Amino acid sequence: MVPDQPKPAWRERLDRIAKPRVLISVFLATSAFYCFVIGRDRYTSVSEFVIQQALPLEGSSASVLAGAAAAPQVLTSLVDGQYLQVYLESSDVKARLFPDGKKLEQDYRIKLPDLRAGLPANSSAPAQLGFYRKQLSVAPQPLSGSVILTTSGFSPKQAFNLNIELLKQSRRFVNEVNQSINADQNQFARKEVELAESNLKVAKRSLELFQEKHGNLSVLTEQSAASSYISGLESQLVDLKVQEAALRRQYRDPNAPEVAFIADQVSELEVQIREERDRAVSKNGRDLNTLALEEAGLVSDVEFATQTLQSARLASDNSRRESQRQLKFVVVLSQPQLPVKPDQNWRWQAFLASVGIIIVAWGVGGFLLNAMRKS
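Residues numbered from 1 in each chain as written. Predicted model: local features only at pLDDT ≥ 70, side-chain atom pairs only at ≥ 80, totals over all residues. Heavy atoms only, no water.

A. Spatial organisation of the overall build of the protein chain. Along the backbone of the protein chain there are 10 helices and 4 strands. When burial is assessed residue by residue, the protein chain has 31% of its 375 residues classed as buried. Accessible area for the protein chain stands at about 24500 Å²; split by element, carbon and sulfur atoms hold 58% of it. (Helix = DSSP H or I, 4+ residues; strand = E, 2+ residues; numbered from the N terminus. Buried < 20%, exposed > 50% of the residue type's maximum accessible area, 1.4 Å probe, protein only. Areas by Shrake-Rupley, 256 points an atom, 1.4 Å probe, with all protein chains shown as cover.)

Structure (structure tokens):
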């Protein structure tokens, strides 16, 4: 027998290079065969909408074509679109659209020869949610503030119907959020008005009871009348004292009947003035000073409650108007259309992804081999 001849060095090097290339070729051929032959057709439906306020923000324009002037509105719409993106991809929306998991598995079941596309039978809830999220794409646009909604399906109706249902869910979400916030604001404003009305009734009732207790008369008026009356008596007292002084100069006898008559009037008038003052300010009398302070406090309470009620009503009206101004609604810029032919983009994207995997693996593998050889 002839012993095996050792392979030349160039042949060994060629074998080392040929084996990875064969594997790469098989992988790319398999990927291309799946992407362009076996893979099931996918259909996509696209719609575009914007979340717009009923009235523009202060200092901005209501038009979506207003350029830089509409920047605050664009930012608001962008934030709303990001919230909506999270909501549409949530399990709540999935449960609303597909309450029966078995029906979801039946609608998107796996069909031969493609064993990768579709939802397996008896799949778990997280698996169903993950599959549902793959069937839609919500992309808020930073420049315009609009939202591009893309849905996919294995049939044209699947993609179209899913897009329509998600638009309905978007409208419902925007309406519910606005209505709940506005309802809370308006309810708080109404409670403040009711509280102010109650406080005003209590203040008025306290003033009425005070007036009924003291003869339905104004204490301030009574105090003013009493002061005027006492001032009149004091004026008469001054006149009588002047007359008394004149008579005492006229009659040398201080006990003369004319002098005694005027002196008795002066004494009686002084006693009357003293009694009127005691009756007006003493606690045993009418105590008009204390009553005046009490009445002034009650009147002040009524005035304050009235102003508070007016402020609460104004705030409630402003809250109602602000709620109407901040109402938002979904404006559909582009309605979804029923797909007429399969979307081929996914095939090229999947194949190019396979090529990218090979390039990355080749680069990383070559780097590691060189590093191992140098070490």
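More follows now that the structure is in view.
B. Highlighting a nonpolar patch on the surface. Together, Val360, Val364, Phe367 and Leu368 make up a nonpolar patch on the protein surface, roughly 410 Å² of accessible area in all. Its place among the elements puts Val364 in helix α10 (residues 345-374). (Patch = residues over 30% accessible without salt bridge, like charges linked within 9 Å, V, L, I, M, F, W, Y side chains within 5 Å. Salt bridge = Lys/Arg side-chain N within 4 Å of Asp/Glu carboxyl O.)

C. Highlighting the side chain of Gln135. Tracing the backbone through its elements, the reader meets Gln135 in the loop between α5 (125-134) and β2 (136-140). Gln135 gets classed as buried once you look at its relative accessible area, which sits at 9%. The contact partners of Gln135, leaving out residues within four places of it in the chain, are Tyr108, Thr150, Thr151, Ser152, Gly153 and Leu162. (Contact = heavy atoms within 4.5 Å.)

D. Spatial organisation of the environment of Asn199. Tracing the backbone shows Asn199 in helix α6 (residues 156-213). Along the backbone, Asn199 and Val302 are 103 residues apart, and their C-alpha atoms lie at a distance of 8.7 Å.

E. Geometry of the pattern of salt bridges. On inspection of all chains with the given rule, the structure shows 4 salt bridges. Residues Lys103 and Asp107 are paired through a salt bridge, measuring 3.0 Å at the closest nitrogen-oxygen approach. Separated by 4 residues within a single helix, Lys103 and Asp107 lie in helix α4 (residues 101-107), roughly one turn from each other. Accessibility expressed as a relative area gives 30% for Asp107, which makes it partly exposed. We note a salt bridge from Arg205 to Glu208, for which the minimum N-O separation is 3.5 Å. Of this pair, Arg205 and Glu208 both sit in helix α6, separated by 3 residues, roughly a single helical turn.

F. Quick look at unusual backbone geometry. The phi dihedral of Asn122 falls on the positive side, at around 55 degrees, and the residue is not glycine. Relative to the helices and strands, Asn122 resides in the loop between α4 and α5. Overall, the relative accessible area of 63% leaves Asn122 in the exposed class.

G. Broad picture of α5. Along α5, the positions that sit buried rather than exposed are Gln128, Leu129, Phe131 and Tyr132. Seen end-on, α5 carries its buried residues on one side only, within an arc spanning 165 degrees. Among the exposed residues of α5, those oriented more than 90 degrees off its buried face are Pro126 and Lys134. (Arc of directions from axis to C-beta.)

H. Highlighting the nonpolar core. Judged by nonpolar contacts, the single largest core of 26 residues is most densely connected at Phe49, Leu84, Leu97, Phe98, Tyr108, Tyr132 and Leu166. Looking at this core, the elements with two or more residues in it are β1 (43-53), α2 (71-88), α3 (91-97), α5, β2, β3 (147-153) and α6. Per-element tally for this core: the top contributor is α6, with 5 residues. With near-sequence residues (within four places) excluded, Tyr108 lies in contact with Phe98, Gly118, Leu119, Phe131, Gln135, Gly153, Phe154, Gln158 and Leu162. Within the second largest apolar cluster, 12 residues are counted, among which are Leu200, Leu207, Leu298 and Val302. (Core = buried A, V, L, I, M, F, W, Y, C linked by side-chain atoms within 4.5 Å.)

I. Representation of the sheet that holds strand β4 (residues 328-334). Strands sit in the order β2-β3-β1-β4 across an open sheet of 4 strands; the sheet is antiparallel. In this open sheet, the two strands that pair with only one neighbour each are β2 and β4. Ignoring which end each strand starts from, the neighbouring axes of this sheet average 25 degrees apart. In the sheet, β2 pairs with β3 via 5 bridges, with the strands oriented antiparallel. Paired with Pro140 across the strands is Val147, a residue of β3. (Pairing = 2+ DSSP bridges. Axes fitted to C-alpha atoms, helices over the stretch in contact; angles between N-to-C directions.)

J. Broad picture of the side chain of Ser316. Turning to its location among the elements, Ser316 is positioned in helix α9 (residues 288-325). Not counting residues within four places of it along the chain, the set of residues in contact with Ser316 comprises Ala189, Arg190 and Val193.

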